[in-house]
Amino acid sequence: MKTLPLASETLLRIAKKYPTPFYLYDENAIRQNARRLQAAFAWNRGYREFFSVKCNPNPALLSIFKEEGCGVDCASETELLLARACGFSGDDIMFTSNNTTAAEFRLARELDAIINLDDTGHLDFLQRVASLPERISCRYNPGIEIRYQNQCIIDFAGSKFGATKEQISAAFRSLPSQGIKTFGIHAQFGCHRREADYFGSAIRCLFSFAIELFQSSGIKVSFINFAGGLGIPYRPGEDAADIAAVSAAIQAAYDEIIVPSALHPLALFSELGLYMTGPYGYFVSSVLHIKETDKQFAGLDASTNAFLSPLRYNDYHHISVPGKEAQPFNQRYDITGALCENRDRFAVDRELPTLVTGDILVFHDAGAYGYSHSTTFNGKLRPAELLLTAEGSVKTIRRAETPQDYFATLSFDGR
Ligand SMILES: Cc1ncc(COP(=O)(O)O)c(C=O)c1O
């Protein structure tokens, strides 16, 4: 079953005090999960998680991850500025960008972030607009399909991300003479799978590449970043990834490929996003109107601009209706927003108890790519973000937008 981090009455009290819609994040659960992850990878001495800022760029959450010993994965100038504002610098920051601007490279160098190049061709650009660092990483594109259970999970052929084996090998060979001393490689094989054996087999591709790189260029990488893509269970009854088993499967591949090689010991890095905050965030909204045609619609006080994943990815997000848990789930609703867009539905044909205006709906698994994907389409504004603190209090960590925020970037004088 999907559970809420608070008793129904407490949630209803919070929804009375803080106007809906809002996101609510559970600090305690986020911390416990980060600790479980780190404990699972304790076998690897240099292991570090770089929380992927793109999935939830709120400073309150970044600070929690900092306290838990994580670094951050940034992909843009603004994310780097956020990281700096939260006290991250140097080895705390993995800068995994692509199609990177001069300003981004300059700031990354200023912060002495670990630069993870998407293209070896960017080395000249980086040197020209900033300077070469002493350590560098490069994103690897193996150019093949990654298959699992007879299914293509990711097809790297034609992907816009990463450089080929030959490109990385040629570039790395020339770098020691330019003062670069430390090397790493990166690839994202995860694709929201939760199976331990998937990660165990996919990571072999990275480990084998590290060995080939050593053989072809003499470069010993000292870290391997297996990035993000660990999935979460969205539907009741689905199992969460067994992080200890995922780590054990990766360790088995490490023991087989890396330990007997000259590369041992090397550090493993991850830049997980969804797994770190997804299950520990909730989107809370109220029923505004009930409408009936040939279907029943429950229109909320929020639209999918504020919580895009049901519309954009067709993701299932479980819904709890606090206070109505014991009622029969004998009604079918499409849960809609107010956008001038027929696909603006949080759920379709969802079985729920009878809903009335004022009921609170809590969407589960909204802690990642919720706020960060939101838009202001139709002039519908972004909601607030609240933190359920480890002490049990509720804190506003981002206020809701106002029309003034929407107008702030506009010119009204026609010039
Ligand atoms: C380079 C990179 N790293 C990390 C992540 C985080 O992935 P996830 O949230 O699936 O763990 C992403 C997601 O897009 C990514 O592109």
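Along each chain, residue indices are assigned from 1 in the same order as the chain's sequence is written. Reporting of local features is limited, given that this is a predicted model, to residues whose pLDDT is at least 70; pairs of side-chain atoms are given and counted only at 80 or more, and all residues count toward the totals for whole chains, interfaces and linings. Side-chain descriptors were evaluated using all non-hydrogen atoms of the structure, hydrogens and water having been removed beforehand.

What about the pairing of strand 4 (residues 93–96)?
Point 1. When a residue's accessible area, from a 1.4 Å probe over protein chains only, is under 20% of the maximum for its type it is buried; when over 50% it is exposed; and in between it is partly exposed. Elements are defined by DSSP. Helices are runs of H or I of four residues or more, strands are runs of E of two residues or more, and each kind is numbered from the N terminus. A two-sided burial pattern is seen for strand 4, the buried positions comprising I93 and F95 on one face and M94 and T96 on the other.
Point 2. A pair of strands is treated as paired once DSSP finds two or more bridges between them. Where strand 3 (residues 71–74) meets strand 4, three bridges bridge the pair, whose relative direction is parallel. Pairing of V72 across the sheet is with I93, part of strand 4.
Point 3. Where the polypeptide runs from strand 3 across helix 4 (residues 77–85) and back to strand 4, its parallel neighbour, the crossover connection is right-handed.
Point 4. As defined by bridge partners, strand 4 adjoins strand 5 (residues 114–117) across three bridges and the pair is classed as parallel. Counterpart to M94 in the pairing with strand 5 is I114.
Point 5. A crossover gets the label right-handed when its path from the first strand over the helix to the second runs clockwise, viewed with the strands pointing away from the viewer. Handedness of the strand 4-helix 5 (residues 102–110)-strand 5 crossover: right-handed.

Brief notes about the site of the ligand
Point 1. For this purpose, a residue is taken to be near a molecule or strand whenever a single non-hydrogen atom of the residue falls within 4 Å of it. Taken together, 14 residues are adjacent to the ligand, and H192, G229, E271, L274 and Y369 come closest.
Point 2. Counted as a polar contact is a pair of N or O atoms within 3.5 Å, where, for protein atoms, one must be capable of donating a hydrogen and the other of accepting one, and residues adjacent in sequence contribute only when both atoms are in side chains. A distance of 2.8 Å separates a nitrogen atom of the ligand from a polar side-chain atom of E271.
Point 3. In this structure, G273 approaches the ligand through a main-chain N or O atom, which is 2.9 Å from an oxygen atom.
Point 4. Each residue gets one of three labels, nonpolar for Ala, Val, Leu, Ile, Met, Phe, Trp, Tyr, Cys and Pro, charged for Asp, Glu, Lys and Arg, and polar for the others, Gly among them. Its residues assigned to classes, the shell around the ligand comprises three nonpolar, seven polar and four charged.

A closer look at the nonpolar core
Point 1. Of all hydrophobic cores here, the largest spans 112 residues; its most connected members are I136, F172, F207 and I335.
Point 2. Among the elements that take part in this core, helix 8 (residues 196–217) stands out by supplying eleven residues, more than any other.
Point 3. Segment limits for the domains were obtained from an automatic or database-derived domain assignment. In terms of domain composition, this core takes at least three residues from each of domain 1 (8–22 + 279–407) and domain 2 (27–277).
Point 4. With near-sequence residues (within four places) excluded, F172 lies in contact with I136, C138, F183, G184, I185, L213, I219 and V221.
Point 5. Grouped together as the second largest cluster of nonpolar side chains are 15 residues, L24, Y282, A384 and L388 included. Buried Ala, Val, Leu, Ile, Met, Phe, Trp, Tyr and Cys residues that are joined via side-chain atoms within 4.5 Å together make up what is termed a nonpolar core. By definition, residues are in contact when any of their heavy atoms lie within 4.5 Å.

Considerations on the packing of aromatic side chains
Point 1. Within 6.5 Å between ring centres, the rings of Phe, Tyr and Trp (the latter by its six-membered ring) count as paired, and their orientation is classed by plane angle as stacked under 30 degrees, edge-to-face over 60, tilted in between. Counting across every chain of the model gives 27 aromatic pairs.
Point 2. Aromatic side chains Y23 and F307 sit 6.2 Å apart centroid to centroid with 90 degrees between the ring planes, which places their arrangement in the edge-to-face category. Here the residue Y23 occupies a position in strand 1 (residues 22–26), and F307 occupies one in the loop between strand 13 (296–300) and helix 11 (309–312), the gap between them amounting to 284 residues. The residues Y23 and F307 share a single accessibility class, namely buried.
Point 3. Consider the rings of Y148 and Y198, whose centres lie 5.4 Å apart with planes at 75 degrees: the pair is edge-to-face. One end of the pair, Y148, is in strand 7 (residues 145–148); the other, Y198, is in helix 8, with 50 residues separating them in the sequence.
Point 4. Residue classification places Y148 among the buried residues on the basis of a relative accessible area of 7%.
Point 5. Throughout this description, the term charge over a ring refers to an Arg CZ or Lys NZ atom that lies within 6 Å of the ring centre and within 35 degrees of the ring normal. One residue, R48, lies across the ring of F50, its end atom 5.6 Å from the ring centre.

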